[in-house]
Every structure is written in structure tokens, then in C-alpha cells.
Amino acid sequence: MTLTELLEIHTMHYALDLVDMLAKAPWVAMVVVVAGSAALATAAPTPANTFAITAESTPAGGWVSDGYGMLHFQFANQGATDQTVVKLSGQWHANGKPMREPWNWDVGQAVKAGETGTFKLQSWMPPNVADASQKETPYVVVTATLKAADGTESTASTAPVKVPIARLPEPLKLVKGKLTGIEVMESRYKTFNHTRQTLAFLDKAYAAMQELTGYTPYDGHVLVYRELPDNPSWAYAGDPIMINTRFVASTLEEWQRGEISFGWIHEMGHCFDFGGWYIWNGAASEFQANFKLGYVLDTLVTSDSDMRIRSWRPLVGGEKPVIDGRQFIDGHTLSAGDKYLADATRTWDTIGTDEIHAFFIRMVRAYGWDPFKRWYRTYQILEDKGYPKPEDAKARIQLTCAILTQTIGVDQQPTFALWRFPVTAEDAKAMTEKYELSKHVPPAPPASAKATR
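In short, a report on the structure.

## Points about the packing of aromatic side chains
Turning to step 1, where the next piece is worked out: Under the defined criterion, the tally for this structure stands at 38 aromatic pairs.
Turning to step 2, where the next piece is worked out: Residue placement shows Lys173 over the ring face of Tyr189; its charged tip is 5.2 Å from the ring centre.

## Here we look at the environment of His270
Turning to step 1, where the next piece is worked out: Of note, His270 is situated in helix 7 (residues 262–271).
Turning to step 2, where the next piece is worked out: For His270, a relative accessible area of 10% corresponds to the buried category.
Turning to step 3, where the next piece is worked out: Engagement of the side chain of His270 in a polar contact is seen with the side chain of His266, the distance being 3.1 Å.
Turning to step 4, where the next piece is worked out: A polar contact of 3.4 Å, which involves the side chain of His270, links it to the side chain of Glu286.

## So, the nonpolar core
Turning to step 1, where the next piece is worked out: Core analysis: the biggest nonpolar cluster contains 85 residues, and Ile265, Met268, Phe360, Trp375 and Phe421 have the highest contact counts within it.
Turning to step 2, where the next piece is worked out: Trp375 has contacts with Tyr278, Gln288, Phe291, Phe360, Thr400, Ile403, Leu404 and Thr407, leaving out every residue within four places of it along the chain.

## Some words on the pairing of strand 3 (residues 68–77)
Turning to step 1, where the next piece is worked out: Counted residue by residue, strand 3 has eight buried out of 10 residues, so it is predominantly covered.
Turning to step 2, where the next piece is worked out: Sheet analysis places strand 2 (residues 51–58) next to strand 3, joined by eight bridges and oriented antiparallel. Considered in strand 3, the bridge of Thr54 is made with Gln74.
Turning to step 3, where the next piece is worked out: Of the pairings in the sheet, the one linking strand 3 to strand 6 (residues 116–124) comprises nine bridges and is antiparallel in character. The residue bridging Leu71 from the neighbouring strand is Leu121, located in strand 6.

## Regarding the packing of helix 8 (residues 282–300) against helix 9 (residues 325–333)
When two helices pack together, their arrangement is captured by the angle between the axes and the distance separating the axes.
Turning to step 1, where the next piece is worked out: Following both chains from N to C, one finds helix 8 and helix 9 inclined at 140°, their axes separated by 7 Å at the closest point. On the basis of the axis angle, helix 8 is oblique to helix 9. Residues Leu293, Gly294, Leu297 and Asp298 of helix 8 lie in contact with helix 9, whose contacting residues are Gly325, Arg326, Phe328 and Ile329.
Turning to step 2, where the next piece is worked out: In the contact of helix 8 with helix 9, the residues fall into four nonpolar, two polar and two charged.

## Structural notes on the sheet that holds strand 3
Turning to step 1, where the next piece is worked out: Pairing is antiparallel in the open sheet, where three strands are placed in the order 2-3-6. Here the strands that pair on one side only, and so sit at the sheet edges, are strand 2 and strand 6. Geometrically, the sheet is characterised by an average inter-axis angle of 20° between neighbouring strands, direction not taken into account.

## Describing the sheet that holds strand 11 (residues 180–185)
Turning to step 1, where the next piece is worked out: One open sheet holds the five strands; their spatial order is 10-11-12-14-13, and the pairing between them is mixed. Edge positions in the sheet fall to strand 10 (172–176) and strand 13 (235–236), since each of these pairs with one other strand and no more.
Turning to step 2, where the next piece is worked out: Examined bridge by bridge, strand 10 and strand 11 share five bridges and lie antiparallel to one another. Bridge pairing in strand 11 places Lys176 opposite Gly181.
Turning to step 3, where the next piece is worked out: Against the sheet, helix 5 (residues 195–213) engages strand 10, strand 11 and strand 12 (223–228), with an angle of about 140° to strand 11.

What counts and how
Residues numbered from 1 in each chain as written. Predicted model: local features only at pLDDT ≥ 70, side-chain atom pairs only at ≥ 80, totals over all residues. Heavy atoms only, no water. Phe/Tyr/Trp six-rings, centres within 6.5 Å; stacked < 30°, edge-to-face > 60°. Lys NZ or Arg CZ within 6 Å of the ring centre and 35° of its normal. Helix = DSSP H or I, 4+ residues; strand = E, 2+ residues; numbered from the N terminus. Buried < 20%, exposed > 50% of the residue type's maximum accessible area, 1.4 Å probe, protein only. Polar contact = N/O pair within 3.5 Å; in protein donor to acceptor, adjacent residues only side chain to side chain. Core = buried A, V, L, I, M, F, W, Y, C linked by side-chain atoms within 4.5 Å. Contact = heavy atoms within 4.5 Å. Pairing = 2+ DSSP bridges. Axes fitted to C-alpha atoms, helices over the stretch in contact; angles between N-to-C directions. Parallel < 35°, antiparallel > 145°, perpendicular 65-115°, else oblique. Nonpolar A, V, L, I, M, F, W, Y, C, P; charged D, E, K, R; others polar.

Structure below.
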């Protein structure tokens, strides 16, 4: 199993990594493609019984306040003209009153005459909707804007889609370490008696990510792993990190056996990302979480450590062994980019999470972790001095190349070009000059303080 395949279990990938950016916006809804922000549709209603839209919400137990769920739509074009569902516009209601601003989402899905279609949208339960829903179940009404082949626009709406407020069956109990905490249902502590050992490792993992990035998230708040009701994801990062109740028991069993939870450390890694300087797309976001996890595994889960992580690759006979951190990272990541490199038809914007990780971990194995500590710190220096963030994906990659050339002391542009990243020698030089990197890249630590590769 690859890192990407496991991440399909652990997270909703890019959509869930936008949680912090989108969750506070008044119009937020989420889906796995793109967002639109046009006003609510004002086109004429569709003639009766020619286009129907129905919807239901999952999980059946409801959505948690300030959490996520799915809306499943069924489109039925009962007319004689092909239609395109241009966008969906939704309005939350609590106690019979509209709440917040309507949200809007671009769809662009064609439904031919006489046919049906489906669409899934991941949406958010605003806290004020949940708080106001003391007497009755909140609901959302969704309107589809339609466009016929001749350009005529019309609308069709769902009946109210009820979304219950999900709650856990018992209270949570919070146990804190120095830097991290675990907050799960009280009854779980009857069988989970490795709380202190687990928190000790999580505290060390947090400190290791601080050491790598030079960054402390959420103003230094204790970073809590909190259990929440069933939802579409395994977990999602934030303050706190939210863990789906369906997976809590099995994860605590891992910790009980002295095995690292990949998912918990991965989500912590997301929390240590700094601004919009170096993540160029969803795959790069997931790589960043895995890269920080890799530092934790490299430095804390060593051959003489009492902690291990379970391999995803079985040995002969089907057993998946517990191994140390370096075995895990090298065994699952180093060769992950080989197929990409061998396929000349693939371009840089198709490179996946594991492939990006392979690119960077090979540099780590060649030059050590210290250049990457200076890499992360350079962005914070540039931010503090008021330099503009790179405007697009290509610029972020080009700046990464320029900074790493400075921190490693070896020109990295040929390596980036070998992997077909959009960086020419001129691009790297322009970034070096624009951000005055010779002035702002922090110096290398003394030789005695350098980390091992």
C-alpha cells in the first residue's frame, strides 16, 4: 500500500486540507472539485415536473457542529431538452429561519433529456445553525441553476433536507501532556492504559516538528486530539485535531501496542504548515504533512527506540511487520518517484504526494535535514520582512528551488528540472534576487549541532 492509498483512508485529501481556510467563511460549502461564489440564482423556475432534484444527508446520525457531512443529490431530467446543472446554491435554516449567507458551488454537470445524474457534495454545519437548533432539526434547501442547450436558464429546488446534530453517546475526558492532549469518550480509558506513554511520544513529535520548522502553531495552545461523531473523514487537522469516532478504538489499540499511529502524526504535520509560501496544490499539502511525519520517524523511532510503526507491505506469508522509522520512510517512499521519472509524458502538475515525498527525501538522504530546517525558517524571515508570497504554483516551486540551493550549497535547479518541475536557471536566479536570499537565508548550524541524515 502506498502513502497515497493510506491517505485516502486517513483524510479527504485536498478538500479537508482547506478546512482552516474555508471553515470560517460565511458562504462555505465543500466539494471535491472547485468553489464558486456567484449570488443565489434568480432564473425562472423550471416548468413543473421537467427537472427534479432530490437530496439526502449522510452520515445518518447527523453532522457535528462546526463539522462536515455529505449531501447526495439525484438529478432527474424529465423534459425533452438536455440540461446542465450550472451550480448549486444552499440556504441553512434553524427553527424555521434562514441562517447565515447562502453558499454557492459550481457544478457544470450535464443531464441529458430523459436521464438521471448524481452528485456528491461535502458541506459544513455552521456552529450558529447547530446552536440555534434546540427545538427542531436544522435543514438546508438547495437550488440548482440549470442551463438548456439554447442558453435558457431555469431553477429547481430540493425539499428541505434535514440534517440532525450528531452527538457522541457519552462525555469526553481530556488528558493533557506538556504540548499535546487526548480527548476521547470516558469509557475508552477503561481499556486504554497507555495514555501517559502516548502523550509522551506525541509531545516529542510536536517538539520535533518545532525543531524542523521553527514554527509553533495556534499560539502554543496544547494541541488536542479530540474524538468527534462519525463524519466523511478519518480525521482532519486544526485546533483541535478531530478524530472520527469510528477509528478511535483501533488507533488506541495501536498506541497500546507501542505502535505509532501514522494518521495522528500526519494530521499534526498539517498543523505545522506556515502560511501560503510553499504548498502549490493538494498533493503538495499532503506531502508536507508526510515530510514532517518523516522527520519524526527518522529522529524518534530509531532502531533503539521502544516505539515502532507497522509496515504496510507484507512479508512472505502476509505478515506486516513492525519496523523502525527509517525503514518505514525509505521502504515506502524512496522509490515512489521512479514510475513518474520513467514516464516522459507526465508533467510536473500530475506528480502525486508519494512522488513529491520521494523527490525531497532523496535530497534529505544526500544532504541531511539541516538544509530543510533553514528552508522552513527562511519563509518566516521573508514573511516577517514583508516580502510578497509567491503568486502561483510555479512561483512557489521556483522559490523552493532557490532557497534549497542556498541552504544546501549546491545548485538544485538541475535536480528540479530532472523531475520536470517548472524551474529554469533564470527562474531560480530571479527568485534569489527578488527575495534577496543571500541576506535572509539563516546560516548553517555549527558542525557539532548538525543532525544525522
